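Chain by chain, the residues:
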Amino acid sequence: MNRDEARQKAERYLADLRGRGQLSDATGIGRVLRWDEPGVRLPTIYGRSPFARCWIGYLEMPVRGLVSSTILIIDDATGDLLYTGSAYDEG
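Not measured: the values here are computed from a predicted model.

**Student:** Would you explain the overall build of the protein chain in this entry?
**Tutor:** Secondary structure assignment for the protein chain yields one helix and four strands. Beginning at the N terminus, the succession of helices and strands in the protein chain can be written as α-β-β-β-β. The C-alpha radius of gyration computed for the protein chain amounts to 12 Å, which stays within 12% of the reference 12 Å derived for 91 residues, consistent with globular compactness. Expressed as lengths along the three principal axes of its C-alpha atoms, the size of the protein chain is roughly 30 × 30 × 25 Å. Scored against the burial criterion, the 91 residues of the protein chain give a buried share of 35%. Here the contacts in the protein chain between residues at least 6 apart in sequence split such that 46% fall between residues at least 24 apart. When the accessible surface of the protein chain is summed, it comes to about 5600 Å², and 49% of that surface belongs to carbon and sulfur atoms. Across the protein chain, the 12 positively charged side chains and the 13 negatively charged ones have centroids separated by 1 Å.

The following block contains the structure:
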């Protein structure tokens, strides 16, 4: 899957989550990064790490001070949504 396809998947997942009343304050998808791009730090999420061969979509959220990024993680091969939530990257 390429970056544009990953962005489209992320936008569809976000629309679905909004339809279920989740992530209603997200305004869209910002950066979409591939797991192996230089400088990408994979999130460390208890019980779910490590993520590899995936795309990370950063949600655009209202600024509320120093908070963690909200992300969607999409499997590169299947396009499945693997994770939605905090990147635990605050600070």
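Alright, that's what it looks like, and here's the rest.
**Student:** It is not clear to me how unusual backbone geometry should be interpreted in this structure. Could you clarify?
**Tutor:** Leaving glycine aside, a negative phi is the common case for residues, and trans is the common case for peptide bonds. At Tyr88, a position not held by glycine, the phi torsion is positive, near 55°. Looking at the secondary structure, you find Tyr88 in the segment after β4 (81–86). Residue Tyr88 is classed as partly exposed on the basis of its relative accessible area of 49%.

**Student:** Explain the pattern of salt bridges to me, please; I cannot follow it from the model alone.
**Tutor:** A side chain with one charge can pair with a side chain of the opposite charge if their charged atoms come near. Enumeration over the complete set of coordinates arrives at four salt bridges. The salt bridge involving Glu37 is made with Arg3; its shortest N-O contact spans 2.8 Å. Taken together, the residues span a long stretch of sequence, with Glu37 in the loop between β1 (28–34) and β2 (54–60) and Arg3 in helix α1 (residues 3–19) at a distance of 34 residues. For Glu37, a relative accessible area of 23% gives the class partly exposed. Asp16 is paired through a salt bridge with Arg20; the nearest N and O atoms lie 2.9 Å apart. Look at Arg20 and you get exposed, because its relative accessible area is 53%.

**Student:** I tried to follow the pairing of β2 on my own but got confused; where do I start?
**Tutor:** Looking along a regular strand, one sees the side chains alternate between the two faces of the sheet. Burial of β2 is extensive: six of the seven residues sit out of reach of the surface. Pairing of β1 with β2, which is carried by five bridges, proceeds in the antiparallel orientation. Along β2, the bridge assignment pairs Gly28 with Glu60.

So, how was this worked out
- Residues numbered from 1 in each chain as written.
- Predicted model: local features only at pLDDT ≥ 70, side-chain atom pairs only at ≥ 80, totals over all residues.
- Heavy atoms only, no water.
- Helix = DSSP H or I, 4+ residues; strand = E, 2+ residues; numbered from the N terminus.
- Rg over C-alpha atoms; globule rule 2.2 N^0.38 Å.
- Buried < 20%, exposed > 50% of the residue type's maximum accessible area, 1.4 Å probe, protein only.
- Contact = heavy atoms within 4.5 Å.
- Areas by Shrake-Rupley, 256 points an atom, 1.4 Å probe, with all protein chains shown as cover.
- Lys, Arg positive; Asp, Glu negative; His and termini not counted.
- Charge placed at Lys NZ, Arg CZ, Asp CG, Glu CD.
- Salt bridge = Lys/Arg side-chain N within 4 Å of Asp/Glu carboxyl O.
- Pairing = 2+ DSSP bridges.

Fair warning: the whole summary comes from geometry, so function is off the table for now.
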